[in-house]
Amino acid sequence: MKKLTLLLAGAIFITACAGNKNILNEKMAKYPADQYLTKIASAETKKEAKATALTDLQNIFTGLADTKNSKVRREAILTQAKAAGSWKDKNNKKYYAIAALQRQPALDTLAAYYPPIDNQLSAMAKKISGESDKYVRLKYAMAMPPLFEEREYLDSEHRILSFDAANYNEEFFYSVKNLYNKTFYDIKINAKIDGTDDITVKTHLIDALNSMGFAVGEELPTYDIALNIHTKIDKYPSETTKGLYWTRATATISLKDMETGGIFATFSVSERDGSFREAEAQRRSLIAAGDKAVPLIKEKLLDYVQKK
């Protein structure tokens, strides 16, 4: 008898789940995924279920960065979300609700925010393309990053709203971004690094400098900027920990414009690191000093170009 009771309870549970699933499928059929964003919630009352589903849907942008424009933009989109249907499960006595946001009207709302940004990017790209002086081209390119950043905020929202997680007008954006990257790459920087024979450190520094976007290498046949980095190492054992070695790496940097022959920036950075292996302490401190120098090199160079 006990076994029969358990079997009957199991059958009722399966039937209840199947029944609720059938209702869900029936409700969701009205809101296909390629046309709607949806959220489903359950609660003890119909009102609570609807409110929860709607809140969950209105949280779709949670986690994205906020900008001065995003709040108004997102509110304009999220006010289009609606509580789209509800039902009560007769077995567990809970209410279920669906909230839905139609994708295309939301995307249309978002699309209205692109032209002010894309028009500025297009104007900058036109100026770059029509300019022969690489430094003037770079000045135009330097105005683009805030526009790229704002557009990425828009695209992060566009990827959520679109069924295929696509960006807006990708072909245009990538053509402008490629032109921007080329403008930086056209500035050739010859790096001369002395004071250490550690090939790992040299490679790391060259890679880090290339990450700035400029074309950086050693012994380039022609170049625009001469970058000299002289490294110096001070070594000393720890006074408190036996076997621990400390090294302080100092990098002295100069930047020279080959067109004018003038050195326009000189500065030094230092970093200390420790290890129980002297060679490792030296490597770490050199890399740390290089990492500290790289953004400063970019800052000095861009500041010089801006004033040039």
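Residues numbered from 1 in each chain as written. Predicted model: local features only at pLDDT ≥ 70, side-chain atom pairs only at ≥ 80, totals over all residues. Heavy atoms only, no water.

## With respect to helix α7 (residues 145-161)
And then number 1: Along its 17 residues, α7 runs 24 Å from first to last C-alpha, staying within 8% of the 24 Å computed at 1.5 Å per residue.
And then number 2: What α7 keeps buried is the set Leu147, Phe148, Glu150, Arg151, Tyr153, Leu154, Asp155, Ser156, Glu157, His158 and Leu161.
And then number 3: Tucked inside the fold, the buried residues of α7 contact β1 (36-43), α3 (70-78), β3 (95-102), α4 (103-111), α5 (115-129) and α8 (170-185). (Helix = DSSP H or I, 4+ residues; strand = E, 2+ residues; numbered from the N terminus. Expected span 1.5 Å × (residues − 1). Buried < 20%, exposed > 50% of the residue type's maximum accessible area, 1.4 Å probe, protein only. Contact = heavy atoms within 4.5 Å.)

## Considerations on the environment of Ala281
And then number 1: Mapped onto the elements, Ala281 comes out in helix α10 (residues 278-307).
And then number 2: In this structure the C-alpha to C-alpha distance between Ala281 and Ala49, which are 232 residues apart in sequence, comes to 60 Å.
And then number 3: Residues contacting Ala281, with those up to four places away along its chain left out, are Tyr245, Thr247, Asp273, Gly274 and Ser275.

## Focus on the pairing of strand β4 (residues 188-194)
Put simply, side chains in a regular strand alternate between the two faces of the sheet.
And then number 1: Where β4 meets strand β5 (residues 215-217), 3 bridges bridge the pair, whose relative direction is parallel. In the strand pairing of β5, Asn190 is matched with Gly217.
And then number 2: Across 6 bridges, β4 lies against strand β6 (residues 225-237) in parallel orientation. Its bridge partner lying in β6, Ala191 is registered against Leu227. (Pairing = 2+ DSSP bridges.)

## With respect to the packing of α5 against α7
In helix packing, the relevant descriptors are the interaxial angle and the interaxial distance, both defined with respect to the helix axes.
And then number 1: At a closest axis distance of 10 Å, the pairing of α5 and α7 adopts a crossing angle of 145°. Our pair here, α5 against α7, has a crossing hand that is left-handed. Of the residues in α7, those in contact with Ile117, Asp118, Gln120 and Leu121 of α5 are Leu147, Phe148, Glu150, Arg151 and Leu154.
And then number 2: The class makeup of the residues in the contact of α5 with α7 is 5 nonpolar, 1 polar and 3 charged. (Axes fitted to C-alpha atoms, helices over the stretch in contact; angles between N-to-C directions. Left-handed = near helix turned anticlockwise from the far one by under 90°. Nonpolar A, V, L, I, M, F, W, Y, C, P; charged D, E, K, R; others polar.)

## Description of the sheet that holds β1
And then number 1: The strand order β1-β3-β2 describes an open sheet built from 3 strands, whose pairing is antiparallel. Strands with a single pairing partner mark the edges of an open sheet, and in this sheet they are β1 and β2 (82-88). Across this sheet, the average inter-strand angle for adjacent strands is 20°, counted without regard to direction.
And then number 2: Judged from the 8 bridges that link them, β1 and β3 form a sheet pairing that is antiparallel. Counterpart to Ile40 in the pairing with β3 is Ile98.

## Some thoughts on the packing of aromatic side chains
Here a ring pair, both rings aromatic, is described through the centre-centre distance and the interplanar angle of the planes.
And then number 1: By the definition in use, this model includes 9 aromatic pairs.
And then number 2: Between Tyr114 and Tyr168, the aromatic rings sit 3.9 Å apart at their centres with planes inclined by 20°, giving stacked as the arrangement. With Tyr114 in the loop between α4 and α5 and Tyr168 in the loop between α7 and α8, this residue pair connects regions lying 54 residues apart in the sequence.
And then number 3: Chaining the aromatic ring pairs together yields one cluster made of Phe148, Phe173, Tyr174, Tyr180, Phe184 and Phe214.
And then number 4: Positioned above the aromatic ring of Trp246 is the side chain of Arg272, whose terminal nitrogen or guanidinium carbon lies 3.8 Å from the ring centre. (Phe/Tyr/Trp six-rings, centres within 6.5 Å; stacked < 30°, edge-to-face > 60°. Lys NZ or Arg CZ within 6 Å of the ring centre and 35° of its normal.)

## Description of the sheet that holds strand β7 (residues 245-257)
And then number 1: Strand order in the open sheet made by the 5 strands is β5-β4-β6-β7-β8, with mixed pairing throughout. Two strands lie at the open edges of the sheet, namely β5 and β8 (263-275), each paired on one side alone. Looking at each pair of strands side by side, their axes are set apart by 20° on average, direction ignored.
And then number 2: Bridge count between β6 and β7: 13 bridges; the pairing is antiparallel. Following the sheet pairing, His230 is matched in β7 by Thr252.

## Focus on the pairing of β2
And then number 1: Here β2 pairs with β3 via 6 bridges, running antiparallel. Along β3, the bridge assignment pairs Ala83 with Ala99.
And then number 2: With antiparallel pairing between neighbouring strands as the criterion, β2 and β3 make up a hairpin whose turn holds 6 residues, including Lys93 at a positive phi of roughly 65°.

## Some words on unusual backbone geometry
And then number 1: At Ala165, a residue that is not glycine, the phi angle is positive and equals roughly 55°.
And then number 2: In this fold, Ala165 is placed in the loop between α7 and α8.
And then number 3: The class for Ala165 is partly exposed, based on a relative accessible area of 45%.
And then number 4: Even without glycine at this site, Asn169 takes up a positive phi of about 45°.
And then number 5: Residue Asn169 is classed as partly exposed on the basis of its relative accessible area, which comes to 41%.

## Considerations on the confidence of the model for the protein
And then number 1: For the protein, the mean per-residue pLDDT works out to 87, and 93% of the residues sit at or above 70.
And then number 2: Across residues 1-18, where pLDDT falls below 50, the model places 3 contacts with residues more than four positions away in sequence or in other chains. (pLDDT = per-residue confidence, 0-100.)

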